[in-house]
Amino acid sequence: MKILVTVKEVATVEDEFEIEGTAIADQYLGADLNEWDDYAIEEAVQLQEDGIADEVVTVTIGPEDCEQTIRQALAKGADRAVRIWDDSLEGVDLLDVNAKTEILSAVIEEEDPDLVLTGVQAGDDSFGATGVSVAEHLGYQWGAVVNHLEHDLDDGVASVRRELEGGVEELTDVELPAVLTIQTGINEPRYASLRGIRQAQRKPLDVQGLDDLGVDDSAVDSDLELTDMYEPESESDVTVWEGGAEETAAELGDLLRDKGVAP
Amino acid sequence: MSDVLAVADHRRGELRDVSYEIITAGRQLADETGGDLHLAVISGTVDDFAEKLNREGVDAIHTVSHGEEFNHDVYTQAITQLYDELAPQFVLTPNSVNGLDYAPAVAKALDLPVVTDTVGLETDGDTLVATREMYGGKVETTNELSGEAVATIRGAEWPAAEGTGDASVEAFDADIDEDAVGSTVTGFEEVGGGDVDISEADVLVSVGRGIEEEDNLPLIEELADALDATISSSRPIVDNGWLPKNRQVGQSGKVVTPDVYIAIGISGAVQHVAGMKGSDTIVAINTDPNAPIMDIADYAIHDDLFDVVPALTEEFQ
Ligand SMILES: Cc1cc2nc3c(=O)[nH]c(=O)nc-3n(C[C@H](O)[C@H](O)[C@H](O)COP(=O)(O)OP(=O)(O)OC[C@H]3O[C@@H](n4cnc5c(N)ncnc54)[C@H](O)[C@@H]3O)c2cc1C
Ligand SMILES: Nc1ncnc2c1ncn2[C@@H]1O[C@H](COP(=O)(O)O)[C@@H](O)[C@H]1O
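If you look chain B up in an unreviewed UniProt entry, it shows as Electron transfer flavoprotein subunit alpha from Natronolimnohabitans innermongolicus JCM 12255. Of the comments in the UniProt record for chain B, the one headed Sequence similarities (unreviewed entry) reads "Belongs to the ETF alpha-subunit/FixB family."

An unreviewed UniProt entry annotates chain A as Electron transfer flavoprotein subunits alpha/beta of Natronolimnohabitans innermongolicus JCM 12255. On record in UniProt, under Sequence similarities (unreviewed entry), the comment for chain A is "Belongs to the ETF beta-subunit/FixA family."

What follows is the structure in structure tokens.
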């Protein structure tokens, strides 16, 4: 069985930052493998180690800069990677769910996997929607917010647990082919070994443009136009204690005694 | 083309709070478009649900009686058929775990734009302006969509609708294609039980990813001991297996309302805040002055937990 994992390099923001127009100024941004995708990669690699998957392919929509993140996924055990980029994506400031769905679906159609694993959400723009949208578009079955997957996949069925609110889990059987959106905590993502990192350098990383995929340029026109970005207003009147740790700890100590909750 | 169709959320026989909040959000949009607010309630004891949901502001309730529990294929089919019948401008669903299991599919099936986890919605009748967060709540953005759209709303952002309404209640005869239902719910399980109930505690010393390593946890344990308090945590600490599931505060963990909640190295992501914002007094210890937890904290120390926590423990030893 073949597994495809969608992998996003997410933008991270420093503690102190500035907003320029509708974006965070570049010098305050960093990059990281999306936390949720890390768990999806691990799950796929474990399915391979358990002899259930024969091949694990990753797909990323992103510029050349994100190849480091892709190599990280390869170092953890994925077999090969596809990266999608195109001039028409260069100036796009927000790739919305429908645009991502068009592009990822084209790759999935070409690769024809039995199982697609995405993250529940991307840590930066957090739509939490791409996996289910892709599934509907392709006619795959799906399950959102999966925190357990039985590793037998017998009879073309994935038995999963979906994590609902308030400590309740739903047990669901999903027919394959399917897209599962993977929740943190489903496994323990490994660190890449030195050997893995060396091997990753030699694994295939294939770059494709929209033309190669037969996706029209207009697919990347976002339905959403980002019109403003600002820091949210505080809902509380926060009292900030200043000074060294001794002083601030003393302030907090006094508060706890005042409230009668500390000895 | 000016109506709003909102979808209720329920689980195991009970309507969830967001079902009443979505009425408020939907009513406001319908007022702005000059249209009607339709509410759909799908599966379960729909007549009983419809009665409860008949609050001020709802024009019509459409019940789809099919199965007991949530199934995303049934929801997707029922909502797309209701859409064809009612031709609303906006479809609103909760941004719950189940909402995220069907809203993107509904949007795709109807070929509509989708915007998720909105905390504010406004329209001039043509353009929808959706407010949402990015980067774990560090910034808020406004996003414009023109024409029809599907939007999911964050829970506890709109007040619950009140009063008794006079909506028409109609059974909608959805034509559910069973062959297209590709997933089956086989059961439910409660997790996170055990000997400790953090929702009973008066003081919670709550630890997040700022603690960095499992080996640093004794620092928090010593503080909790000195204060005679209970330890809780954010999700990553439980995901890493450093504390058991019954210590997790938040959307998928426990809701807590202690007298004092001390958030140590916790950023305050919405799913965490959902579990602790009802605390009497919230104290945050965090190196990042812009962490979202600061927006709901009553007291804050912008400093390194590795300096502040030992000093605080010392105070009480
Ligand atoms: C469907 C779903 C359900 C979820 N359910 C939950 C849930 O129930 N509960 C939950 O908690 N999360 C939940 N999450 C995850 C949530 O989105 C966040 O990822 C999580 O809450 C982040 O935890 P954190 O604040 O500990 O970590 P981070 O967001 O990484 O924050 C760490 C904080 O520590 C601070 N820090 C770092 N070093 C120091 C230091 N030395 N001293 C002081 N401060 C320091 C940093 O400034 C930062 O603010 C859920 C997510 C999804 C998608
Ligand atoms: N640019 C991208 N490239 C590859 N996968 C992506 C991209 N954006 C989102 N995804 C996948 O879709 C999941 C959900 O993202 P989102 O719906 O944007 O929150 C992520 O966890 C990724 O697995």
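We now examine the UniProt feature "domain: Electron transfer flavoprotein alpha/beta-subunit N-terminal" (unreviewed entry) in chain A. Sequence positions flagged by UniProt for "domain: Electron transfer flavoprotein alpha/beta-subunit N-terminal" (unreviewed entry) are, in local numbering, residues 21-217 of chain A. Each end of residues 21-217 of chain A is marked by a C-alpha atom, and these two atoms are 25 Å apart; helix forms 33% of the span and strand 29%.

It is worth spelling out the pattern of salt bridges at this point. Residue and element names in this part refer to chain A. What the rule picks out here adds up to 30 salt bridges over all chains. For Glu 67, the salt bridge identified is with Arg 83, shortest N-O distance 2.9 Å. Taken together, the residues span a long stretch of sequence, with Glu 67 in helix H2 (residues 67-75) and Arg 83 in strand S7 (residues 80-84) at a distance of 16 residues. Salt-bridge contacts for Arg 80 lead to Glu 111; the nearest nitrogen and oxygen are separated by 2.7 Å. Pair noted here: Arg 80 is in strand S7 and Glu 111 is in helix H4 (residues 97-111), with a separation of 31 residues, a long-range link.

Right, let's talk about the site of ligand 2 for a bit. Residue and element names in this part refer to chain A. The local shell around ligand 2 holds 18 residues, among which Thr 6, Asp 37, Lys 100, Gly 128 and Thr 130 are the closest. A distance of 3.1 Å separates an oxygen atom of ligand 2 from a polar atom in the side chain of Asn 34. Taking Thr 130, its side chain carries an N or O atom lying 2.6 Å from an oxygen atom of ligand 2. Taken by itself ligand 2 offers 480 Å² of open surface, and the protein chains cover 99% of this. For the shell around ligand 2, the secondary-structure elements that each account for two or more residues are strand S6 (55-61) and strand S8 (115-119). Take the shell around ligand 2: its biggest share by element is 3 residues, from S6.

Taken together, 29 residues sit near ligand 1, with Ser234(B), Val249(B), Ser267(B), Gln271(B) and Asn286(B) positioned nearest. Among the chains of the assembly, those with residues near ligand 1 are chains A and B. Within the contact set of ligand 1, an oxygen atom lies 2.9 Å away from a side-chain nitrogen or oxygen of Gln248(B). In this structure, Asp304(B) approaches ligand 1 through a side-chain N or O atom, which is 3.0 Å from a nitrogen atom.

Attention now goes to the packing of aromatic side chains. Here a ring pair, both rings aromatic, is described through the centre-centre distance and the interplanar angle of the planes. Inspection of every chain in the model, using the stated rule, returns 4 aromatic pairs over all chains. Here Trp241(A) and Tyr299(B) contribute two aromatic rings whose centre-to-centre distance is 4.9 Å and whose plane-to-plane angle is 15°, an arrangement assigned as stacked. With Trp241(A) in strand S15 (residues 239-241) and Tyr299(B) in strand S18 (residues 299-301), this pair bridges two chains. Between Tyr75(B) and Tyr102(B), the aromatic rings sit 5.0 Å apart at their centres with planes inclined by 50°, giving tilted as the arrangement. Of this pair, Tyr75(B) sits in helix H3 (residues 72-86) while Tyr102(B) sits in helix H4 (residues 99-110), and the two are 27 residues apart along the sequence. Both residues of the pair, Tyr75(B) and Tyr102(B), belong to the buried class. Site record: aromatic cluster; members linked through ring pairs are Phe70(B), Tyr75(B) and Tyr102(B).

Residue and element names in this part refer to chain B. Taken domain by domain, chain B consists of domain 1 (4-180) and domain 2 (198-315). Relative placement of domain 1 and domain 2: their C-alpha centres are 34 Å apart. Each partner contributes residues to the interface: domain 1 has 6 residues there, and domain 2 has 7 residues. Interface area for domain 1 against domain 2, summed over the two sides, is near 460 Å², with a carbon-plus-sulfur share of 55%. Of all residues in domain 1, the largest losses of buried area upon contact with domain 2 belong to Gly 136, Lys 138 and Arg 154, amounting jointly to 62% of the total for that side. For the pair domain 1 and domain 2, the interface holds 1 salt bridge. Here Asp 288 ties to Lys 138 by a salt bridge, and the two come within 3.1 Å at their closest N and O atoms. The tally of links between domain 1 and domain 2 comes to 1 residue pair in polar contact (both at pLDDT 80 or more).

Criteria and cut-off values
Residues numbered from 1 in each chain as written. Chains lettered and ligands numbered in written order. Predicted model: local features only at pLDDT ≥ 70, side-chain atom pairs only at ≥ 80, totals over all residues. Heavy atoms only, no water. UniProt positions renumbered as here; feature names shortened; annotations may be inferred. Helix = DSSP H or I, 4+ residues; strand = E, 2+ residues; numbered from the N terminus. Salt bridge = Lys/Arg side-chain N within 4 Å of Asp/Glu carboxyl O. Near = heavy atom within 4 Å. Polar contact = N/O pair within 3.5 Å; in protein donor to acceptor, adjacent residues only side chain to side chain. Areas by Shrake-Rupley, 256 points an atom, 1.4 Å probe, with all protein chains shown as cover. Phe/Tyr/Trp six-rings, centres within 6.5 Å; stacked < 30°, edge-to-face > 60°. Buried < 20%, exposed > 50% of the residue type's maximum accessible area, 1.4 Å probe, protein only. Domains from an automatic or database assignment. Contact = heavy atoms within 4.5 Å. Buried area = accessible area lost by both parts, 1.4 Å probe.

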